[in-house]
Amino acid sequence: MEYVVFNSITTSMAATTTSPTTTTKEWVIMSRLDWFWRWFIVTKIYTKGWGNPEDLKRIVLLRKQLGNRESLERVLPKDYPVYIDKETVSADGRLLEGHFLCPVNEHCPGIMPKEVETARFEMLLPNKWKTDLHPMCLHMGGTGDHGFGRRRRMMAKPLLKEHGIGSVILENPYYGCRKPKDQFRSSLHHVTDLFVMGAGLIMESSILLNWLDRQGYGPLGATGVSMGGYMASLGACSWHKPVSLIPCMAGSTASGVFTHGVLSTAIPWRILEKQYQDTDMFRQEIVDLIESPEPYWTSRRSMYQEGNDFIHKMEENGPADNTNQVNNGIQSLPEYLNVYRGKDDAAEKMKNQLELDCKHFMKGVMDECTHISNFSRPLDPELVIVVLAEDDQYVPHSGYMKHEEVWPGAKVRTVPGGHIMGFLGKREIFRQAIADSFALNTQKYFSPQLRQSS
């Protein structure tokens, strides 16, 4: 395992065994910028709640299929049609625009809106390749990254100029030209929408990697920043060949992002709690489908469900009868239900437990659909270089499995400060990590000797 700490002043790639020159005060300022940025951008997410419980169940079952590389390969033809619509040539290179149909609705009919179905991408190539290799990197979009311009300017063009690596920039479902008309900016209406986006991007990544491979491009890789890093990880792990993978500012799961990271303040929790309370399917069926390697998921029981049933019995039978029941059989009720002190007191405790259970359920479904341990491991983890912010308030790392624990052999590099400073100021470090992974990929799988023997 390789750990590299980058000095906040220089962009050198040299590893250092000493602490960065950034002062503690500067680190605090950089991490507080994460919270200030969220305060400045006041939009909410998941404003309509969890989504249809049947849809959530269907997308969880689809995730289990897509999480297995062999299963995905069976359902997704390698010659899936991809179309180029336009080509523009300039001094910066050749810019191609293309599209294809996302196949999610073939496996979950109607779960992806029609206006989201058409996947669109840009492809940046040199006017002339400098070698007989044609390396290409797939760029996935982060939260709020609509269109292609930001990734083209900040990543694709410099990557081509500095390292000779071409790029494919894929538009996220629900973003840019794929955004539903009634959706405001990046504010997904439902939690389920995020999982539909993820399922779409897993399949779309494989389609594009297969297409690039058929066209003779290689070595191939995938990258992304923040949510784009998660999506790049899930897409690259699902492909059937060794691929460079460079997730930046992304953890091993999105559960912490939405339960105690900065973005958790953008969620209307009362709406989710009410739906969780009113929908038995969440607590009694979907919860049993959840797979998570994290220790906090050792129990799937809904304490709210048990407490709710207990309170109803008290209301029907009265406190005396239930006190006898406790004494005669039930030995391990939660502390807050051991003594019945009246409806007001019990209702407040039930409300608090509902809040805890709702967040626990959010952690579970996020782990089920985004935890990298629920997907096939990369065929060659040595081609994985993860870049993390040391004090990331958007993507909490403490309390969650580390990439190198799930993918032994993966390398981890860190930059000081928080998420926003890393996102805005460390692009050259991201690009260098991409170049380093591609160099190793070339050495291991595209050397002249290997290509001659094949």
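In this numbering scheme, every chain counts its residues from 1 along its sequence in written order. Side-chain atom pairs in this predicted model are given and counted only at pLDDT of 80 or more, local residue features only at pLDDT of at least 70, and totals for whole chains, interfaces and linings cover all residues. Water and hydrogen atoms were dropped before computing side-chain values, which therefore reflect all heavy atoms in the structure.

- Under an unreviewed UniProt entry, the name given to the protein is Protein ABHD18, and the source organism is Dreissena polymorpha.

## Some points on the overall build of the protein
Turning to step 1, where the next piece is worked out: Helix and strand assignments come from DSSP, with helices taken as H or I runs of at least 4 residues and strands as E runs of at least 2, each series counted from the N terminus. Per the secondary structure count, the protein includes 17 helices and 10 strands.
Turning to step 2, where the next piece is worked out: Taking all 454 residues of the protein together, the buried fraction comes to 56%.
Turning to step 3, where the next piece is worked out: Here, two residues are considered to be in contact whenever any of their heavy atoms come within 4.5 Å of each other. Once local pairs closer than 6 in sequence are excluded, the contacts in the protein between residues at least 24 apart make up 78%.
Turning to step 4, where the next piece is worked out: If you sum the accessible surface of the protein, you get close to 19,800 Å²; carbon and sulfur atoms cover 53% of it. Partly exposed residues are those whose accessible area sits between 20% and 50% of the maximum for their type, while under 20% is buried and over 50% is exposed, using a 1.4 Å probe and protein chains only. Computed with a 1.4 Å probe, the accessible areas rest on the Shrake-Rupley method; for each residue, only the protein chains presented here act as cover.

## Looking at the state of the cysteines
Turning to step 1, where the next piece is worked out: Any two cysteine sulfur atoms within 2.5 Å of one another count as a disulfide. Enumeration according to the criterion identifies zero disulfides in this entry.
Turning to step 2, where the next piece is worked out: The thiol of C137 is unpaired, and the distance to the nearest cysteine sulfur, on C248, comes to 9.3 Å.
Turning to step 3, where the next piece is worked out: Residue C137 is classed as buried on the basis of its relative accessible area of 1%.
Turning to step 4, where the next piece is worked out: Here C248 falls in the buried class, since its relative accessible area comes to 0%.

## A short note on the nonpolar core
Turning to step 1, where the next piece is worked out: What we call a nonpolar core is a set of buried Ala, Val, Leu, Ile, Met, Phe, Trp, Tyr and Cys residues that are connected through their side-chain atoms within 4.5 Å. Core analysis: the biggest nonpolar cluster contains 96 residues, and W50, L194, F258 and F361 have the highest contact counts within it.
Turning to step 2, where the next piece is worked out: Here this core takes 14 residues from helix 6 (residues 191-214), the largest share from any one element.
Turning to step 3, where the next piece is worked out: I165, V225, A433 and F438 belong to the second largest nonpolar core, which has 17 residues in total.

## Thoughts on helix 6
Turning to step 1, where the next piece is worked out: With 24 residues, helix 6 should cover 34 Å at 1.5 Å per step; its first-to-last C-alpha distance of 35 Å lies within 8% of that length.
Turning to step 2, where the next piece is worked out: Once helix 6 finishes, G216 follows within two positions and takes phi at roughly 95°, a positive value. In a helix, the anticipated span is given by 1.5 Å times the number of residues less one.

## Notes on the layout of surface pockets
Turning to step 1, where the next piece is worked out: Here a cavity is any set of points on a 1 Å grid over the protein atoms alone where a 1.4 Å probe fits but cannot get out, and a pocket is any open set with protein on both sides within 12 Å along at least 5 of 7 lines; a residue lines the site when it has an atom within 4 Å of a point. Grid points are joined across faces, edges and corners, and a volume is the space filled by probe spheres set on the points. Of the volumes computed, that of the largest pocket is approximately 890 Å³.
Turning to step 2, where the next piece is worked out: Forming the walls of the largest pocket are 40 residues, and the residues nearest its centre are G142, T143, G144, Y175 and L263.
Turning to step 3, where the next piece is worked out: Taken together, the elements giving at least two residues each to the lining of the largest pocket come down to helix 1 (24-40), helix 5 (149-163), helix 6, helix 7 (227-237), helix 8 (255-259), helix 13 (343-370) and helix 15 (419-425).
Turning to step 4, where the next piece is worked out: The residue makeup of the lining of the largest pocket, split by class, is 25 nonpolar, 11 polar and four charged.
Turning to step 5, where the next piece is worked out: In this structure, the second largest pocket occupies an estimated 420 Å³ of space.
Turning to step 6, where the next piece is worked out: Lining the second largest pocket are 22 residues, with K130, L160, H163, G164 and I165 positioned closest to its centre.
Turning to step 7, where the next piece is worked out: Looking at the lining of the second largest pocket, the elements that each hand over two or more residues are helix 5 and helix 16 (427-445).
Turning to step 8, where the next piece is worked out: For the lining of the second largest pocket, the class distribution of residues is 11 nonpolar, six polar and five charged. All residues other than Ala, Val, Leu, Ile, Met, Phe, Trp, Tyr, Cys, Pro, Asp, Glu, Lys and Arg, Gly among them, are scored as polar; the first ten of these are nonpolar and the last four charged.

## Details of the packing of aromatic side chains
Turning to step 1, where the next piece is worked out: Ring pairs are drawn from Phe, Tyr and Trp, using the six-membered ring of Trp, whenever the two centres fall within 6.5 Å, and their geometry is named by plane angle: stacked under 30 degrees, edge-to-face over 60, tilted for the rest. For the coordinates displayed, the defined rule picks out nine aromatic pairs.
Turning to step 2, where the next piece is worked out: Seen in terms of ring centroids, W50 and F361 are 5.0 Å apart; in terms of plane orientation they differ by 75°. Their pairing is edge-to-face. Placement of W50 in the loop between helix 1 and helix 2 (53-66) and of F361 in helix 13 is noted, with a sequence separation of 311 residues between them. In terms of burial, W50 and F361 fall into one category: buried.
Turning to step 3, where the next piece is worked out: Centre to centre, the rings of F100 and F121 are 6.2 Å apart; their planes meet at 45°, and the pair counts as tilted.

## Here we look at the pairing of strand 4 (residues 118-125)
Turning to step 1, where the next piece is worked out: Counting buried residues along strand 4, six of its eight residues qualify, which places the element largely inside the surrounding structure.
Turning to step 2, where the next piece is worked out: The pairing criterion for strands is at least two bridges between them, as found by DSSP. Judged from the eight bridges that link them, strand 3 (residues 93-101) and strand 4 form a sheet pairing that is antiparallel. Pairing of L96 across the sheet is with M123, part of strand 4.
Turning to step 3, where the next piece is worked out: For strand 4 and strand 6 (residues 166-170), the ladder comprises four bridges, and the chain directions are antiparallel. Counted as the bridge partner of M123 is V168 from strand 6.

## Re the confidence of the model for the protein
Turning to step 1, where the next piece is worked out: pLDDT: the predictor's confidence for each residue, scored from 0 to 100. On average, the protein scores 84 in pLDDT, and the residues at 70 or more come to 79%.
Turning to step 2, where the next piece is worked out: Note on residues 1-30: pLDDT is under 50 here. Beyond four places in sequence and across chains, it has 53 contacts.
Turning to step 3, where the next piece is worked out: The model gives residues 322-329 a pLDDT under 50, and that stretch makes nine contacts with residues more than four places away or in other chains.

## Let's talk about the packing of helix 2 against helix 6
Turning to step 1, where the next piece is worked out: Interaxial angles span 0 to 180 degrees and are taken between N-to-C directions of axes, which are lines fitted to C-alpha atoms, for helices over the stretch in contact. Across the interface, helix 2 lies against helix 6 with an axial gap of 10 Å and an inter-helix angle of 30°. When the axis of helix 2 is compared with that of helix 6, the two are roughly parallel. Of the two possible hands of crossing, helix 2 and helix 6 adopt the one that is left-handed. Counting all contacts with helix 2, which are made through D55, L56, I59, L62 and L66, the residues of helix 6 involved are T192, F195, V196, A199, I202 and M203.
Turning to step 2, where the next piece is worked out: Residues belonging to the contact of helix 2 with helix 6 are distributed by class as follows: nine nonpolar, one polar and one charged. Orientation is classified from the angle alone, with under 35 degrees giving roughly parallel, over 145 giving roughly antiparallel, 65 to 115 giving roughly perpendicular, and any other angle giving oblique. The handedness criterion is simple: a crossing whose near helix is rotated anticlockwise from the far helix by less than a right angle is left-handed, and one whose near helix is rotated clockwise is right-handed.

## Some remarks on the packing of helix 5 against helix 16
Turning to step 1, where the next piece is worked out: Packing of helix 5 against helix 16 leaves a shortest axis separation of 10 Å and a crossing angle of 50°. In this view, helix 5 runs oblique relative to helix 16, as classed from their interaxial angle. The two elements helix 5 and helix 16 cross, and the hand of that crossing is right-handed. Of the residues in helix 16, those touching helix 5 at R150, M154, M155, P158, L159, E162 and H163 are R427, F430, R431, Q432, I434 and A435.
Turning to step 2, where the next piece is worked out: Grouping the constituent residues of the contact of helix 5 with helix 16 by class yields seven nonpolar, two polar and four charged.

## Some thoughts on the side chain of S206
Turning to step 1, where the next piece is worked out: Here S206 shows up in helix 6.
Turning to step 2, where the next piece is worked out: Taking relative accessible area as the criterion, S206 reaches 3% and is therefore assigned buried.
Turning to step 3, where the next piece is worked out: When near neighbours in sequence (up to four residues on either side) are disregarded, S206 contacts L72, L76, G235, S238 and W239.

## Re empty space enclosed by the protein
Turning to step 1, where the next piece is worked out: For the coordinates displayed, the defined rule picks out five cavities of 30 Å³ or more.
Turning to step 2, where the next piece is worked out: Taken as a whole, the largest cavity holds about 110 Å³ of empty space.
Turning to step 3, where the next piece is worked out: Lining of the largest cavity is provided by H139, M140, G142, D145, R150, R151, M155, T223, G224, V225, F423 and R427.
Turning to step 4, where the next piece is worked out: Where the lining of the largest cavity is concerned, the elements lending two or more residues are strand 5 (136-140), helix 5 and strand 7 (220-225).
Turning to step 5, where the next piece is worked out: Class assignment of the residues belonging to the lining of the largest cavity gives a composition of four nonpolar, four polar and four charged.
Turning to step 6, where the next piece is worked out: Around the second largest cavity sit R69, L72, E73, L76, S206, N210, S238, W239 and H240, which together line it.
Turning to step 7, where the next piece is worked out: Going through the elements one at a time, helix 3 (69-75) and helix 6 are the ones with two or more residues in the lining of the second largest cavity.
Turning to step 8, where the next piece is worked out: Looking at the lining of the second largest cavity element by element, the count peaks at three residues for helix 3.

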